[in-house]
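Listed here are the chains, written in short residue letters.
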Amino acid sequence: MFLTLVKLRLRELLLGVSKKKKRGLGLMVLLYIVSFVALGAIAAMLFFSLALVMGESSAPWVYFSFAGFLIFLLTFIGSIYATQNQIFEAKDNEFLFAMPIKARDIIASRILALLLVNYGYTLVIYLPAAIVWGRFVGFTAAGFLFSLLSALLLPLFALAISMVCGWIAASLSSRMKRKNIVTTILYAIFFMVYIAVCSMWSQILDKMAENIEVVAAGIRRTVPPLYWMGSAAVEGNALHMLLFALFCLIPFLIVLFVLSRTFFAIATRKRGGVRNEYKEGGLKVSSVQKALNAREMTRFTSSTSYMMNGGMGLIFMVVVAVGVIIKRDMMTEISGAFDRNVNGLIGVLIMLFCLAMVIISAPSVSLEAKTLWILRSLPVDDKAILRAKLGTHVRASVPFILLTATVWQFIGPMDLLSRILVYLIPFLGTVLFAEIGLLLNLKVPKFDWINEAAAVKQSLAPFLAMMVAFAITAFILVGTLLLEAVLFKTELPMMLVLFAFLLLLGFAFYRLLMGWGVRRWRSLEN
């Protein structure tokens, strides 16, 4: 039974379904392999540049200390949200308790599944780091053994910290208003900080190379466990290996002991939440379309996973807006490379690229798995339902378009019509991408998900919607640059052509949505 629970939990974490299903399994496995190879290649390039600097330095152990920091960061961030949902806010705990299954098997299966996923994250970092170091610097026998042992132990510490943070987050969120929006904002801030660090990585590496002794002294003084890990891997120091092992194991065992004693109480407790006192007042009557719009927007804003994964491109819009303010000179240099004023054209192309990553409409049909019969039973026009799903995608994107387009007005000289098109073209682009995502989800809905994250992240329609949007954006980019350079020589005619192209394409897809899309919606069965 224990192994069965572990298998089911892994399928939910990785594939989003609990029952065995062959359709789509091969594609998901392929996507995981491609993602693993891509991330591993990025890590290998990062560690290659780091090994060249650290290998000949006075403190080569900093290399594996840095690798350990990345492993901890990736495993902690990758598991904290899953830990909160799988252990402290799992919706099937009471169902499992009603079965002849021991509580310790339930909690142990959840922790083991999370740990195995963490080892997958660890492999993405450790494998390239070890290969690069072994190829260009070299291991001692003890160093290689200790580096491997450190990579196996560090995820235990990361999981212990994520379980503590997950417990705190679950306790606080049960007493907060609009907890999902707050959580999403925190995730978005972290992501923007991550993007900023990645963009400054070459500068960080140069600073580390210039001040390696200062960096080494800082690590040894402030985070000695990272020093122990690096020293054990590079120098084969057995004492430091023992200290690092105790550092990872003791917190994990303590958290495991406390959780095993309190899991039943945590899993069955009633969530307090924030209670709103009823105040008597007049009732407002709204139209059916407004009610459907509010329903779709509430669903979007009530799920952190939906907002973060569906609206990732909107976070990039904020990054672009901030980047334009900070790196205005770089934007001017890019525009100057064309020997003519193309500020507006560059702006709309960058915004279209970001908007291609917004997939709010793509999982909106799949999310109706448990409520499809309710919509079918209501005297509501099917077109109004699809318009509501379409409108949520557009309304969520419009504030970010306004922000970025307004910032872009100060990037350089543009004529009046180009300034207006900087707003209108991204708006038409997001309407088009919303229509494509909704049509694809009608074609390939996913109704067998266990949690909403599976419908948003692990279904075919969102992936295809993003790929199609990227393909259209790439076509627009190449076509725009060629036509502007060969035919028009100025940006305004090309922007007008782009506006007309998106307008016609958006109108054609809207007609398709209101025709075939409505018929497909009526034929869906969950």
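These figures come from a predicted structure and were not determined experimentally.

## Some words on the overall build of the protein chain
Within the protein chain one finds 22 helices and zero strands. Within the protein chain, the fraction of its 526 residues that count as buried is 46%. In the protein chain, once contacts between residues fewer than 6 apart in sequence are set aside, the share between residues at least 24 apart is 85%. A total of about 26,600 Å² of accessible surface is found on the protein chain, and carbon and sulfur atoms cover 71% of it.

## Quick notes on the side chain of T404
Tracing the sequence through the fold places T404 in helix α18 (residues 382-408). Setting aside anything within four residues of it in sequence, one finds T404 in contact with M317, V320, A321 and M351.

## A word on the packing of aromatic side chains
Applying the stated rule across the entire model yields 14 aromatic pairs. Summarising the aromatic geometry, the rings of F64 and F139 are spaced 5.6 Å apart at their centres and angled 50 degrees between planes, so their arrangement reads as tilted. Residue F64 is found in helix α3 (residues 62-88), and its partner F139 is found in the loop between α5 (103-136) and α6 (141-173); the two are separated by 75 residues along the sequence. Accessibility expressed as a relative area gives 26% for F139, which makes it partly exposed. Ring geometry for F353 versus F470: centroids 5.4 Å apart, planes at 40 degrees, classification tilted. Of the two residues, F353 sits in helix α16 (residues 343-355) while F470 sits in helix α21 (residues 460-488), which places them 117 residues apart along the sequence. Classification of F353 by relative accessible area gives partly exposed; the value is 42%. Look at F470 and you get partly exposed, because its relative accessible area is 22%. Each member of the aromatic cluster is reached from another via a ring pair, and the members are F47, Y63, F64, W133, F139 and F144. Above the face of the F136 ring, R135 is positioned so that its terminal group lies 5.2 Å from the ring centre.

## Notes on the pattern of salt bridges
Considering all chains together, one arrives at six salt bridges under this definition. Measuring nitrogen to oxygen at the nearest pair gives 2.8 Å for the salt bridge that ties E368 to R295. Taken together, the residues span a long stretch of sequence, with E368 in the loop between α16 and α17 (372-377) and R295 in helix α12 (residues 288-301) at a distance of 73 residues. According to the relative accessible area criterion, E368 is buried, its value standing at 0%. Here R295 falls in the partly exposed class, since its relative accessible area comes to 27%. Between E368 and R299 there is a salt bridge, with its nearest N and O atoms 3.3 Å apart. Here R299 lies in helix α12 and E368 lies in the loop between α16 and α17, a separation of 69 residues in the sequence. Each member of the pair, E368 as well as R299, is classed as buried. Taken together, the shared-partner salt bridges in this structure form one network comprising R295, E296, R299, E368 and K389.

## Quick look at helix α9 (residues 212-222)
Within α9 the residues assigned to the buried category are I212, A216, G218 and I219. On an axial view of α9, the arc spanned by its buried residues comes to 160 degrees, and they lie on one face. Opposite the buried face of α9, by more than 90 degrees, sit the exposed residues V214, R221 and T222.

## Quick word on a nonpolar patch on the surface
Together, L239, L242, L246, I250, I254, F257 and V258 make up a nonpolar patch on the protein surface, roughly 670 Å² of accessible area in all. Mapped onto the elements, I254 comes out in helix α11 (residues 238-268).

## Points about the packing of helix α19 (residues 416-443) against helix α22 (residues 491-523)
Remark: α19 packs on α22, axes separated minimally by 8 Å, with the N-to-C direction vectors making an angle of 25 degrees. As far as their axial angle goes, α22 and α19 are roughly parallel. Our pair here, α19 against α22, has a crossing hand that is left-handed. Looking at the contact of α19 with α22, its residues break down into 25 nonpolar, four polar and four charged.

Analysis parameters
Residues numbered from 1 in each chain as written. Predicted model: local features only at pLDDT ≥ 70, side-chain atom pairs only at ≥ 80, totals over all residues. Heavy atoms only, no water. Helix = DSSP H or I, 4+ residues; strand = E, 2+ residues; numbered from the N terminus. Buried < 20%, exposed > 50% of the residue type's maximum accessible area, 1.4 Å probe, protein only. Contact = heavy atoms within 4.5 Å. Areas by Shrake-Rupley, 256 points an atom, 1.4 Å probe, with all protein chains shown as cover. Phe/Tyr/Trp six-rings, centres within 6.5 Å; stacked < 30°, edge-to-face > 60°. Lys NZ or Arg CZ within 6 Å of the ring centre and 35° of its normal. Salt bridge = Lys/Arg side-chain N within 4 Å of Asp/Glu carboxyl O. Arc of directions from axis to C-beta. Patch = residues over 30% accessible without salt bridge, like charges linked within 9 Å, V, L, I, M, F, W, Y side chains within 5 Å. Axes fitted to C-alpha atoms, helices over the stretch in contact; angles between N-to-C directions. Parallel < 35°, antiparallel > 145°, perpendicular 65-115°, else oblique. Left-handed = near helix turned anticlockwise from the far one by under 90°. Nonpolar A, V, L, I, M, F, W, Y, C, P; charged D, E, K, R; others polar.

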